[in-house]
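# Summary of the model geometry
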Amino acid sequence: MREFFVVGGRKLSYLDFGGPGAPLLALHGHYNEASAFAPLAGALAPRWRVIALDQRGHGESDRAQCYERDDYVADVAAFHRHLGIGPVAVLGHSLGGVNAYQYAARQPDRVRALIVEDIGAVVDSDWSFTLRLPRRAPSRQDLMAALGSKAPYLECSFRRSEDGWGFSFDIEHTVASQKALNGDHWQDWTAVACSTLLIRGTRSVEVSAAHAGEMITRRAGKARLTELPAGHVVHHDAPAQFAAAVEGFLSDPG
């Protein structure tokens, strides 16, 4: 079920996939939105109830004036407060992964378990792909063709408008968000107190095996690493294995 709430005068949208299970807050990456977690929600039900946020500038949520780190983290906090639930497990992919571990670091009493999908403690995002995205295409098929092999990763964000097909995110806003994501976030990563699962795709161009290993080492027994045969979007490339890794961790976070 899609629902909305307002924070700071902006509308934020989220999908509550429902069910009787314990809540799992899910935060998507750039180019995506809450609906990207529909397959995971189905796989984890009924034990886990996935509630996924359309982060600022994405999906059905409003565009924003700013996409800095503190803004995203404040949105997560407002989302959590709006739901009116206690400490939860939080999962985040890429952009959402940094948002998730920064929220966990800054609100340790609100996050009881953390899952970070394929993003590092140091981020050096290349936004040249974003600038090459087509602004509009005359049909959905034309948009798919223009994106080529990348189309399945962006498909959940396709939108039809009066002048053709495009995306539910704005290209310039996405570049601003990617620029603000870049940087050294070791302080937040090492400050996370709860048990953490880092999931890395073995073909990832975002997180090297060495960097992932260092992330685990610096957390001194409070984090574990799972590597799956996938690229950067592990939940898309290896959905069954990803869901199994998430469920296994949530069942026994340690």
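The structure we're discussing is the one just above.
Given the structure is predicted, the values throughout are model-derived calculations rather than measurements.

## Describing the packing of aromatic side chains
Under the counting rule described, the total for this entry stands at nine aromatic pairs. Between Phe 5 and Phe 79, the aromatic rings sit 6.1 Å apart at their centres with planes inclined by 15°, giving stacked as the arrangement. With Phe 5 in strand β1 (residues 2-7) and Phe 79 in helix α2 (residues 69-83), this residue pair connects regions lying 74 residues apart in the sequence. The same class applies to Phe 5 and to Phe 79, which are both buried. Note on Phe 158 and Phe 167: the rings are 6.0 Å apart at their centroids and 65° apart in plane angle, and the pair reads as edge-to-face. We note that Phe 158, like Phe 167, is buried. Counting every residue linked through ring pairs, the aromatic cluster contains Tyr 31, Phe 129, Phe 158, Phe 167 and Phe 169.

## Brief notes about the environment of Gln 107
Note that Gln 107 resides in the loop between α3 (95-106) and β6 (111-117). For Gln 107, a relative accessible area of 32% puts it in the partly exposed group.

## Considering the pattern of salt bridges
Where charged atoms from two side chains of opposite charge approach closely, those side chains can pair. Throughout the structure, instances matching the rule amount to 14 salt bridges. In this structure, Glu 60 and Arg 159 form a salt bridge, with 2.8 Å as the shortest nitrogen-oxygen distance. With a gap of 99 residues between them, Glu 60 in the loop between β4 (48-54) and α2 and Arg 159 in strand β8 (residues 158-161) connect regions that are remote in the sequence. Accessibility expressed as a relative area gives 31% for Glu 60, which makes it partly exposed. According to the relative accessible area criterion, Arg 159 is partly exposed, its value standing at 22%.

## Here we look at the side chain of Arg 200
Position of Arg 200 relative to the elements: it lies in strand β11 (residues 195-201). Arg 200 gets classed as buried once you look at its relative accessible area, which sits at 7%. The residues contacting Arg 200, other than those within four sequence positions of it, are Asp 118, Val 207, Ser 208, Ala 209, Ala 212, Leu 225, Thr 226, Glu 227, Leu 228 and Val 234.

## Regarding the packing of α2 against α3
When two helices pack together, their arrangement is given by the angle between the helix axes and by the axis-to-axis distance. At a closest axis distance of 9 Å, the pairing of α2 and α3 adopts a crossing angle of 70°. By the angle class used here, α2 and α3 are roughly perpendicular. Contacts between α2 and α3 involve Arg 69, Asp 70, Tyr 72, Val 73, Val 76, Ala 77 and His 80 from the first element and Leu 95, Val 98, Asn 99, Gln 102, Tyr 103 and Arg 106 from the second.

## Some words on the layout of surface pockets
Estimated volume of the largest pocket: approximately 740 Å³. For the lining of the largest pocket, the secondary-structure elements that each account for two or more residues are α6 (151-154) and α7 (171-181). Across the lining of the largest pocket, the residue classes tally to nine nonpolar, nine polar and seven charged. In terms of lining, the second largest pocket is formed by Asn 32, Ser 35, Ala 36, Pro 39, Pro 152, Tyr 153, Cys 156, Val 233, His 235, His 236 and Pro 239. Looking at the lining of the second largest pocket, the elements that each hand over two or more residues are α6 and α10 (234-237). Here the residues of the lining of the second largest pocket sort into seven nonpolar, four polar and no charged.

## Brief notes about the environment of Val 234
Of note, Val 234 is situated in helix α10. Put simply, Val 234 and Val 6 are 228 residues apart on the chain and 31 Å apart in space, counted from C-alpha to C-alpha. In contact with Val 234, not counting residues within four places along its chain, are Glu 117, Asp 118, Ile 199, Arg 200, Gly 201, Leu 228, Pro 239 and Phe 242.

## What about the nonpolar core?
Among the nonpolar cores identified, the biggest contains 42 residues, and Phe 79, Tyr 101, Leu 114 and Trp 189 are the most heavily contacted of them. Residues contacting Leu 114, with those up to four places away along its chain left out, are Val 90, Ala 100, Tyr 101, Ala 104, Val 192, Cys 194, Ser 195, Thr 196, Leu 197 and Phe 249. Grouped together as the second largest cluster of nonpolar side chains are 27 residues, Leu 40, Val 234, Val 246 and Leu 250 included.

## Description of the pairing of strand β2 (residues 10-16)
Successive residues of a regular strand alternate their side chains across the two faces of the sheet. Most of β2 is tucked away, with six of its seven residues classed as buried. Taking the residues that link successive antiparallel strands as the turn, the β1-β2 hairpin has two residues, and the phi of Gly 8 there is positive, at about 60°. Where β2 meets β4, four bridges bridge the pair, whose relative direction is antiparallel. Across the sheet, residue Asp 16 finds its bridge partner in β4, namely Ile 51.

Rules used throughout
- Residues numbered from 1 in each chain as written.
- Predicted model: local features only at pLDDT ≥ 70, side-chain atom pairs only at ≥ 80, totals over all residues.
- Heavy atoms only, no water.
- Phe/Tyr/Trp six-rings, centres within 6.5 Å; stacked < 30°, edge-to-face > 60°.
- Helix = DSSP H or I, 4+ residues; strand = E, 2+ residues; numbered from the N terminus.
- Buried < 20%, exposed > 50% of the residue type's maximum accessible area, 1.4 Å probe, protein only.
- Salt bridge = Lys/Arg side-chain N within 4 Å of Asp/Glu carboxyl O.
- Contact = heavy atoms within 4.5 Å.
- Axes fitted to C-alpha atoms, helices over the stretch in contact; angles between N-to-C directions.
- Parallel < 35°, antiparallel > 145°, perpendicular 65-115°, else oblique.
- 1 Å grid on protein atoms, 1.4 Å probe; cavity = no way out; pocket = protein on both sides within 12 Å on 5 of 7 lines; lining within 4 Å.
- Points joined across faces, edges and corners; volume = space filled by probe spheres on them.
- Nonpolar A, V, L, I, M, F, W, Y, C, P; charged D, E, K, R; others polar.
- Core = buried A, V, L, I, M, F, W, Y, C linked by side-chain atoms within 4.5 Å.
- Pairing = 2+ DSSP bridges.

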